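So the chains spell out like this:
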Amino acid sequence: MSARMESGIAPPAAPPGGRAGKPAPRGLCPSWPQVANSPRDIFGQKKHKGSAAFAFRVGRKVIDPVPDRSYLGARATLTAAVKPVLLLPPPGYFSTMTRLPDALQHWFDTRGWQVHPHQKAMLDRADAACLMLIAPTGGGKTLAGFLPTLSELTEEPRTGLHTLYISPLKALAADIRRNLRVPIEEANLPIRVEDRTGDTPASRKKRQRADPPHILLTTPESLALLTSYEDAPRIFAGLQRVVVDEIHALAESKRGDQLMLALARLQTLCPGLRRVGLSATVEDPQAIARLLAHGDFPCEILQADPGPDPDISMLITDEAPPWAGGGAKYSIPAVLEQVKRHRTTLIFHNTRAQAEIYFHNLWLANEDSLPIGIHHGSLDRGQREKVEAAMVAGHLRAIVCTGSLDLGIDWGDVDLVIQVGAPKNVKRLVQRIGRANHRYNAPSKAILVPANRFEVVECLAALEAVRAHDLDGEPRGPGPRDVLCQHILIAAASGPFEADTLYTEMRGAGPYAGLTRPQFDACLEFCATGGYALRAYDQWKRLMQRPDGLWQLRDPRSAVRIRQNIGTIQDTDTLKVRWRGRGGKPLGEVEESFAASLTKGDTFLIGGQIVRYEGLRELTVEVSRDPGRKPKIATFMGTKFATSTQLSDRILRLFQQDDWPDLPPHTRDWLHLQRRVSRLPEPGRLLVESFPHDGRQQLVVYGFAGRNAQQTLGLLLTKRMEEIGLAPMGFVATDYATLIWGLDAVTDPVPLFDLAALEAGLDGWLAGNAVMKRTFRASATIAGLIERQIGGQRKTGRQATMSSDILYDTLLKYDPDHLLMQITREEAMRGLVDFARIREMSARVGDRIDHLRLTRVTPLAAPLFLEQGRVPVRGSADERLMEEEVTRLLNESGLAQVGPKRP
Amino acid sequence: MNTHPFTFHGAALHALPSGALYWEQTGLLVVSDLHLGKSARLSAVGGAQLPPYETRETLQRLDADLAATGATRVICLGDSFDAPGIDAHLPEDDLLWIARLQAGRDWTWIAGNHDPAPVALTGAHRAEHRDGPLTFRHIATQGTTAEVSGHYHPKARLTVRGRSLTRPCFLLDADRLILPAYGAYTGGLFSDSPVLSALMRPDAQAILTGSRPVAIPMPRRAASRA
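Residues numbered from 1 in each chain as written. Chains lettered and ligands numbered in written order. Predicted model: local features only at pLDDT ≥ 70, side-chain atom pairs only at ≥ 80, totals over all residues. Heavy atoms only, no water.

Trainee: Help me out: how do you make sense of the overall build of chain A in this one?
Mentor: Secondary structure summary: chain A contains 33 helices and 30 strands in total. Long-range contacts, defined here as pairs at least 24 residues apart, represent 74% of the contacts in chain A between residues at least 6 apart. Only carbon and sulfur atoms are counted for the fraction: they give 53% of the accessible area of chain A, which is about 35500 Å². (Helix = DSSP H or I, 4+ residues; strand = E, 2+ residues; numbered from the N terminus. Contact = heavy atoms within 4.5 Å. Areas by Shrake-Rupley, 256 points an atom, 1.4 Å probe, with all protein chains shown as cover.)

Following this line, the structure appears as structure tokens:
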């Protein structure tokens, strides 16, 4: 098995688990050709015997010899050919059917391929000002995006840039370039394709500006940079189309806002520019369409056939999952068994740290030495590329991974997706499951592995949601103004501008459609003068208004600094990890704060290896090999997602059943016990339990508002309790509940939940809160107050943290209404503080608060006592820690005896 | 105010929570590295437009320390201004505030690397200054003793239960005393950096600033600690 796998080719007749017997129309080939240098290249005669056309047809049966069909995969498009798609065909479809140019058509014909309906629809609507295609992961949508470009450039050869392709990943841009080359070279089309990302050599970038290719593949950041050049109008002259791939992923972050501002810029430069968005299945296509739409032109939506429902189940083991934690170690034997039964398994984790631990444990149990790799965003690029290559080549049986594998590169022959830990978000789960859909017309296969007892319930709710096609998503508010500030500076870097014109242009970007003139002016003022209440001097100004009314950079040299700081991605402050010694191989990165906590001899996991901390050399953590078995765990930042509102509601509804036949007995009994000794939380009501435990009074609030909001609730409630004199001592929050402990019992929780009082309390604690400082730092960096790049040298994170905290404190003291303080507040409220969900909870619950006074810990509350991340309630935590350490040091060193007496 | 009292070459000194040094017997307050006008200088060279409030923040600190100690003499140990000539660009209010603090006090500006030339303000301007047993200069020099200096902006880093806590600190050994930076927008150099580890004797102490100043053995490089 493994020998065959290494060749990367599955046997033509029977892909394991494939549906070889399914009849399908003749001659459809749907998929984009494979990468030329890939071992599974379907055109690479050296590697594949027989012609590609043969490979797709055996008699009338379509067989997939190469189950991996790449991100433009075969399944969805083939089914699309069989079943009518939702919006297709449009009226008059057959009469107005757009023909491909002969060269391209011939290329398709020689392979016995046809263009699929949604790809045809994209051709038919090639003139649309704005068009968005929604197709499931691997649904052949990238080809659909490019066909009109290939067609137009073949019909009317020309020079200059025709199409700009934007992808969220550099690697995706490179991958697409390799893929596009095949038809262009084989059909001899007069088209030049190049990519341009942070990894592109400067010499090529320079040449691209002078002589742009027909198709340029890039990222939002590289595009923003391109628009900042004075020669931007020349670079983009003649641009016809822009294709935004994986727009659903971009739409969730400031990268999407940045992109839409850059597109608005392009639209000014090229008024006839047509926009195309390519999106995976999402809950609210209209919302993304609104982002992509420009000004008054609405965005049309094309929906491809979503394909068959996935085959998805929950892993049930004899051994019950633990009460708390995210390790899911108990599942290792069962997961290994699944890996053995499948060709390639992706094992997704919610955090990098969990992925590392799981990978480590998997290898300890991997007696057959199955080739299993690890892939996450903190690993060194070289390491990641190695794993990616091995995956594509079919050398790996499983990959332990995180969100870094969420987006659409072709990762090879995946036939099973395992999600370890509750998925938290149904939409992301569905997109992840789509990674295993390389066999057309066969459902993707996925298994959910709950990491603890509560997650069993969560996984069941997620399963139901997937079956019900009930996707979730939080609506995104208006475009954040820190990004706007950055784009005003970018505009200034490209040349003098008129405020009115820039305002109109920026309002043309979907996220900023509601931008008011005063909001814009405040941002312009900030960019021009820093926006301080204290009037500074001339040399303070970054922008100045010329006598003719145009705005320009006061010092043209600052354009360089502006360009160096373009982007909205906040990399956490990480330090590189290398093997000790000259030229030691890089392993990846750890957070700076984690590195600071290490002392020589400490061990931690990275890239699945246990390493020993040797010391810090400049900004690199040096490590050596360690044969030990008990690592200290690296705290990777990773994103911690809160369980979505929709999924939380589903869990609450699930609790209302009389019995839970779908749950394994251990979890079912647990819920029954909770119902017997207390009660289960209900939709529309708020369950609050209080009981003594551990010599303290405990209060549990089952708010089901998601981790961030429950955390905020913990802070607000303890503050209220402090005011009322209930002496709270600390709290801990999960996605579904907050546990608070203190000296006195809460007898009446109702006054605690007065929303107005809670919100009033928010201001006070927010001001000095670490959450605000973190948010401020992010926004101040994006808006250009803090520069991460100085002369190409990144400041160390600690330096940046230090100064941004001091800046925040200074502004809070002297200029609390400063634009950046306003932005910080807005961002925190919808981000880490997530006050929206507290409001939502309050609205949902009203005064229906059920308080139960009990004598002991309840079954549902028990896991909370094992949760990590307990927050002590005391402002002087640092002082106390410092005191503790100082006392220890004084005693140890003898200074306490000989030193001067402390007052 | 909590202070950390200690004796250095016969002088009874107090380390103040703010990072100032007070010599009670002579009514002398010593502060180092004020870096007044830093935000103005940065923005003047096209850099970040930092909030222009650090000068008043620093002056407020100094004002409070002068009031609390009743000091009659002040030594600013150099780098009082962030750039030569920047004093001329300070807002009128800030200049008046400095004048008010100087009124009735014996004031000495020591030259630093950021402000090597005399400033246009009143007070004595010196490269270095001797007072009793002590010598005051901006940058510590090898082979001297009883020296009080600044320049390095020393900070101490302690790791407690996985958290890294940082405080600006005084560094003290038998020969020299190095003051922390007093200015609001000033970064620092960790005491475990090679340069400070080399400069200070093995038995050096770090006096942490903060609401209760306290002396601990100076944190050094992990290698030399082992």
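Trainee: What is the right way to read the overall build of chain B from this model?
Mentor: Helix and strand content of chain B: five helices and 16 strands. Within chain B, the fraction of its 226 residues that count as buried is 60%. Considering only contacts in chain B between residues 6 or more positions apart, those separated by 24 or more positions represent 66%. Accessible surface for chain B amounts to roughly 8400 Å². Of this, 53% is attributable to carbon and sulfur atoms. (Buried < 20%, exposed > 50% of the residue type's maximum accessible area, 1.4 Å probe, protein only.)

Trainee: What's the story with helix 18 (residues 453-467) of chain A in this structure? I'm lost.
Mentor: The periodicity of an α-helix, 3.6 residues per turn, causes residues three or four places apart in sequence to face the same way. All names here are of chain A. The end-to-end C-alpha distance of helix 18 is 22 Å, a good match for the 21 Å that 15 residues give at a rise of 1.5 Å each. Among the 15 residues in helix 18, 13 count as buried, and that is most of the element. With a side-chain oxygen lying 3.1 Å from the backbone nitrogen of F454, the N-terminal cap of helix 18 falls on N452. At the exit of helix 18 stands H469, carrying a positive phi of roughly 55°. (Expected span 1.5 Å × (residues − 1). Polar contact = N/O pair within 3.5 Å; in protein donor to acceptor, adjacent residues only side chain to side chain.)

Trainee: Help me understand the pairing of strand 11 (residues 345-348) of chain A, please; the structure alone is not making it clear to me.
Mentor: Moving residue by residue along a regular strand, the side chains alternate between the two faces of the sheet. Residues and elements named next belong to chain A. With burial as the criterion, each face of strand 11 is covered, one bearing T345 and I347 and the other bearing L346 and F348. Inspection of the sheet shows strand 11 paired to strand 13 (residues 398-401) by four bridges, in the parallel sense. Note on strand 13: the bridge partner recorded for L346 is I399. Examined bridge by bridge, strand 11 and strand 14 (residues 416-420) share four bridges and lie parallel to one another. Looking at the pairing, L346 lines up with V417 of strand 14. (Pairing = 2+ DSSP bridges.)

Trainee: Where do I start with the sheet that holds strand 1 (residues 4-8) of chain B in this structure?
Mentor: Pairing between sheet strands relies on hydrogen bonds along the backbone, with the strands arranged either parallel or antiparallel. Residue and element names in this part refer to chain B. In spatial order, the strands read 1-2-3-4-5-6-7; together these seven strands make up an open sheet with mixed pairing. With partners counted over all chains shown, the strands left at the sheet margins are strand 1 and strand 7 (124-126), one partner each. Direction aside, the axes of adjacent strands within the sheet are offset by 25° on average. By the bridge criterion, three bridges tie strand 3 (residues 21-23) to strand 4 (residues 28-31) in an arrangement that is antiparallel. Its bridge partner lying in strand 4, L21 is registered against V30. On the sheet, helix 2 (residues 54-69) packs against strand 3, strand 4, strand 5 (73-76) and strand 6 (106-110) and is oriented at approximately 160° with respect to strand 4. (Axes fitted to C-alpha atoms, helices over the stretch in contact; angles between N-to-C directions.)

Trainee: Would you explain the pattern of salt bridges in this entry?
Mentor: If the charged atoms of two oppositely charged side chains come close together, the side chains can form a pair. For the structure shown, the criterion picks out 41 salt bridges over all chains. One salt-bridge network, held together by shared partners, links R192, E194, R207 and D211 of chain A. (Salt bridge = Lys/Arg side-chain N within 4 Å of Asp/Glu carboxyl O.)

Trainee: Would you mind going over the sheet that holds strand 14 of chain A with me for this structure?
Mentor: Residue and element names in this part refer to chain A. Pairing is parallel in the open sheet, where six strands are placed in the order 10-15-14-11-13-12. Two strands bound the open sheet, and with one partner strand each, they are strand 10 (311-314) and strand 12 (372-375). Averaged over all pairs of adjacent strands, the angle between their axes in this sheet comes to 20°, without regard to strand direction. Against the sheet, helix 15 (residues 352-365) engages strand 11, strand 12, strand 13 and strand 14, with an angle of about 170° to strand 12. Packing of helix 18 onto the sheet brings it into contact with strand 10 and strand 15 (445-449), and relative to strand 10 it is tilted by some 165°.

Trainee: Please explain unusual backbone geometry as it appears in this structure.
Mentor: As a rule of thumb, non-glycine residues mostly have phi less than zero, and peptide bonds are mostly trans rather than cis. Residue and element names in this part refer to chain A. Even without glycine at this site, E246 takes up a positive phi of about 50°. By relative accessible area, E246 is classed as buried at 9%. Even without being a glycine, S369 presents a positive backbone phi close to 50°. Along the chain, S369 falls in the loop between helix 15 and strand 12.

Trainee: How should the environment of L269 of chain A be read in this particular structure?
Mentor: All names here are of chain A. Of note, L269 is situated in helix 12 (residues 254-269). By relative accessible area, L269 is classed as partly exposed at 29%. The spacing of L269 and A232 is 37 residues in sequence and 8.4 Å in space, taken between C-alpha atoms. Setting aside anything within four residues of it in sequence, one finds L269 in contact with A232, P233 and F236.

Trainee: Any chance you could explain the packing of helix 14 (residues 332-341) of chain A against helix 15 of chain A here in plain terms?
Mentor: Packed helix pairs are characterised by how far apart their axes lie and by the angle those axes make with each other. Residues and elements named next belong to chain A. At a minimum axis distance of 10 Å, the contact between helix 14 and helix 15 shows a crossing angle of 75°. In terms of orientation, helix 14 and helix 15 fall into the roughly perpendicular class. Between helix 14 and helix 15, the contacting residues are I332, V335 and L336 on the first element and Y358, N361, L362 and A365 on the second. The residue inventory of the contact of helix 14 with helix 15, partitioned by class, reads six nonpolar, one polar and no charged. (Parallel < 35°, antiparallel > 145°, perpendicular 65-115°, else oblique. Nonpolar A, V, L, I, M, F, W, Y, C, P; charged D, E, K, R; others polar.)

Trainee: Even after reading the chapter, I still don't get the pairing of strand 8 (residues 274-279) of chain A, so can you show me in this structure?
Mentor: All names here are of chain A. In terms of residue burial, strand 8 counts as a mostly covered element, since six of its six residues are buried. What you see with strand 8 is no split at all: R274, V276 and L278 on one side and R275, G277 and S279 on the other are buried throughout. When strand 3 (residues 130-134) meets strand 8, the two strands line up parallel, connected through five bridges. Directly across from L131, in strand 8, lies its bridge partner V276. For strand 7 (residues 241-244) and strand 8, the ladder comprises four bridges, and the chain directions are parallel. Note that in strand 8 the partner of V242 across the bridge is R275.

Trainee: Got a minute to help me understand the nonpolar core in this structure?
Mentor: In summary, soluble globular proteins display a tendency toward joint burial of nonpolar side chains. Residues and elements named next belong to chain A. Membership of the largest hydrophobic core comes to 110 residues, with the highest contact counts inside it found for L164, F236, I488, L543 and L785. Element by element, the count of residues in this core is highest for helix 19 (residues 481-494), at eight residues. Contacts of F236, omitting those with residues within four sequence positions, involve L161, L164, L223, L226, T227, L266, L269 and C270. Ranked by size, the runner-up nonpolar core spans 55 residues in total, among them L346, L429, V456 and Y736. (Core = buried A, V, L, I, M, F, W, Y, C linked by side-chain atoms within 4.5 Å.)

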